[in-house]
Structure formats: structure tokens, C-alpha cells
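Working through the structure, step by step
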Amino acid sequence: MIREQEQEMSMRFDSYPENEQFARMVVTAFLMDLNPTVDEMADVKTAVSEAVTNAIIHGYEDCVGQVSLTCRKHGKDVMVTVSDQGKGIADVERAREPFFTTKPEAERSGMGFCFMEAFMDEVHITSAEGRGTSVEMKKHLHLPAGE
Amino acid sequence: MEFLYETKTGSLRIFTPREIDECVASEMREEADMLIDNYQIRHLIFDFSNTEFMDSSGIGMLIGRSRKMGYIGGSVEAENLSERVQKIFTLAGLPKLITVVKEEQYD
Ligand SMILES: Nc1ncnc2c1ncn2[C@@H]1O[C@H](COP(=O)(O)OP(=O)(O)OP(=O)(O)O)[C@@H](O)[C@H]1O
Ligand SMILES: [Mg+2]
């Protein structure tokens, strides 16, 4: 069997907060053979957690919908896409600003997108009001195998 | 989920769990508020010894508790932060609201 250099996995799950941990575990397991450092793995895990939480809390704020998660690995490059068909983002540039949140009453801090940007190399947001949001993130793993 | 905690006249130490995400943060929020009210807590300590992972949901929960303690004239501290949690704290500007106790200060 000839192995493709690039591998992809994808999953869909209901927008319950309990599924966040599950999503993080799947991504962690999928990336394990790239031998990321503990820090790199934590970076990706945090970014996945942020994007998935946003889909659940904001995208499907008062309903249950499906969250899609796709993860691709190619050499030392990792790409993660999280999307929902929820309510969408009115102003994407504003949403990216630190401390901007539409849910201050729910004790949100408005740091989600900042964490994604801090921990990944690239973050692309595509969104349409009433149609949904897709967040595509890339990270190049730098350090050699091992710790 | 059951959270480990210790109370001592007016002070509450909460041992935060291994991972703090939205699920865990919302339970911690409720439990901490209940304990703060029931035991008339004035000094709240989050002990992060066991925590390896925290996302922005944890930040929101911590800011909320720090506000609550502010209203009642109390204080909030965070102890035993892993490098990872420290990084999250710094990025979110949390050290401005919560006193981060460094290990050196023990001895
Ligand atoms: N998937 C999504 N669907 C709809 N709106 C979204 C989505 N993701 C983000 N948003 C909007 O962008 C804002 C900023 O998101 P961000 O993750 O930075 O902060 P937050 O989720 O409000 O707070 P925190 O992540 O700190 O808990 C949100 O308040 C929300 O209005
Ligand atoms: Mg968020």
C-alpha cells in the first residue's frame, strides 16, 4: 500500500459542551505521530478548544446543531478547520479584537480568537450572518522529535 | 464533577482540575459562588497544581470570581501555575486582577 504524504481526518458532532473534550482528544491522537513538543500539542489543543467552544456557545447559541472538525497533517504542517451552520458573525474584524465579546453577561472574556492567533501561525475566519462560521487554522511544527 | 477545596475561617482554597474548559468552568463558577456565600469567604485561592490545560472559558470564570470578590471587599490569589497556565494568564492580562503567587514566596 502506498501511503499518501498528506493525511486527513474529519468528524461531526452535536453542539454539546461535553463534546469539546472529545474533539481535543481526537485531534491530539491524530497528531501524535508527528511527535509535536508538549507545548506545540497544547497550542493546537487550545486553539481547537476555542474554535469548538465558539461554535457551540455563539454559533448554536439557543439550539443544538452540528459542529464539523477537519484536521490535516502534511509533513510538519497541521491544518485544522472548525465549522458550524449557526448564526454567523456580523463583524469579523471586530470579533478578532482582544476582549471583544457579544456575551459579557455570560462572563465571556473575548480572548478566544486572540488565543487562536497566539497559538497558531495562521487563522482565517469565514462567516455569513444566518449561515454559519468556518475557522481555518494552520501551524508548522518546528522542533525535532521528542520532548 | 466534584471539586476539591479547603476552607479555613474566611478563606477558601480551590484545587482546580486537570483541564478547564467551558464544561468545567461553568460548574466551577456555580460551586465557587455557592461556597463563597455559604462560608462568607473573603480570601479566595485558586491552586493550579493539577491543571495542565485551560482555555478562555477558564479566563472568564476567573475574571467573574475576581469581580465577585471585589464587590464584597475580598481578595483573589492564584498559586502553583504551570508554565502553560502562566502563559494563558499573561496573554489575558489576568495578573492585573488576580495576585499570582510565585513559588519563591513560600520560603
Ligand atoms: N462560531 C461563531 N458563531 C457566531 N459568533 C461567533 C463565533 N465565534 C465567535 N463569534 C463571535 O465573536 C466574538 C469573539 O469571539 P472570542 O472567542 O474571541 O470571544 P468570546 O467567545 O466572546 O469569549 P471567550 O472566548 O473569551 O470565552 C464572540 O463574542 C461572538 O460574538
Ligand atoms: Mg470564545
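The structure this text deals with has already been given above.
In this text the structure is predicted, and so the values were computed from the model without any measurement.

In the vicinity of ligand 1 lie 20 residues, with His58(A), Thr101(A), Thr102(A), Ser109(A) and Ser56(B) positioned nearest. Contact distances for ligand 1 include 2.5 Å between an oxygen atom and a side-chain N or O atom of Thr102(A). Residue Phe113(A) places a main-chain N or O atom 3.0 Å away from an oxygen atom belonging to ligand 1. Against a free-state accessible area of 600 Å², the protein chains account for coverage of 97% of ligand 1. When atoms are counted within 2 Å of each cavity's grid points, the one that captures over half of ligand 1 is the largest pocket. Taken together, the elements giving at least two residues each to the shell around ligand 1 come down to helix H2 (38-59) and helix H4 (112-119) of chain A. It is H2(A) that contributes the most residues to the shell around ligand 1, 5 residues altogether.

What follows concerns the interface of chain B and chain A. Taken residue by residue, the interface counts 21 residues in chain B and 24 residues in chain A. Between chain B and chain A the total buried area reaches about 1800 Å² when both faces are included, carbon and sulfur atoms providing 51% of it. By the criterion of area lost to chain A, the three top residues of chain B are Glu22(B), Phe53(B) and Arg84(B), representing 29% of everything that side buries. Between the two partners, chain B and chain A, sit 8 salt bridges. There are 12 residue pairs in polar contact (both at pLDDT 80 or more) connecting chain B and chain A. Going through the elements one at a time, helix H1 (22-38), strand S5 (53-54), helix H2 (56-71) and helix H3 (83-91) of chain B are the ones with two or more residues in the side of chain B that touches chain A. Looking at which element gives the most residues to the side of chain B that touches chain A, the answer is H2(B), with 8 residues. In terms of residue class, the side of chain B that touches chain A is made up of 9 nonpolar, 4 polar and 8 charged.

How each quantity is defined
Residues numbered from 1 in each chain as written. Chains lettered and ligands numbered in written order. Predicted model: local features only at pLDDT ≥ 70, side-chain atom pairs only at ≥ 80, totals over all residues. Heavy atoms only, no water. Near = heavy atom within 4 Å. Polar contact = N/O pair within 3.5 Å; in protein donor to acceptor, adjacent residues only side chain to side chain. Areas by Shrake-Rupley, 256 points an atom, 1.4 Å probe, with all protein chains shown as cover. 1 Å grid on protein atoms, 1.4 Å probe; cavity = no way out; pocket = protein on both sides within 12 Å on 5 of 7 lines; lining within 4 Å. Sits in = over half its atoms within 2 Å of the grid points. Helix = DSSP H or I, 4+ residues; strand = E, 2+ residues; numbered from the N terminus. Contact = heavy atoms within 4.5 Å. Buried area = accessible area lost by both parts, 1.4 Å probe. Salt bridge = Lys/Arg side-chain N within 4 Å of Asp/Glu carboxyl O. Nonpolar A, V, L, I, M, F, W, Y, C, P; charged D, E, K, R; others polar.

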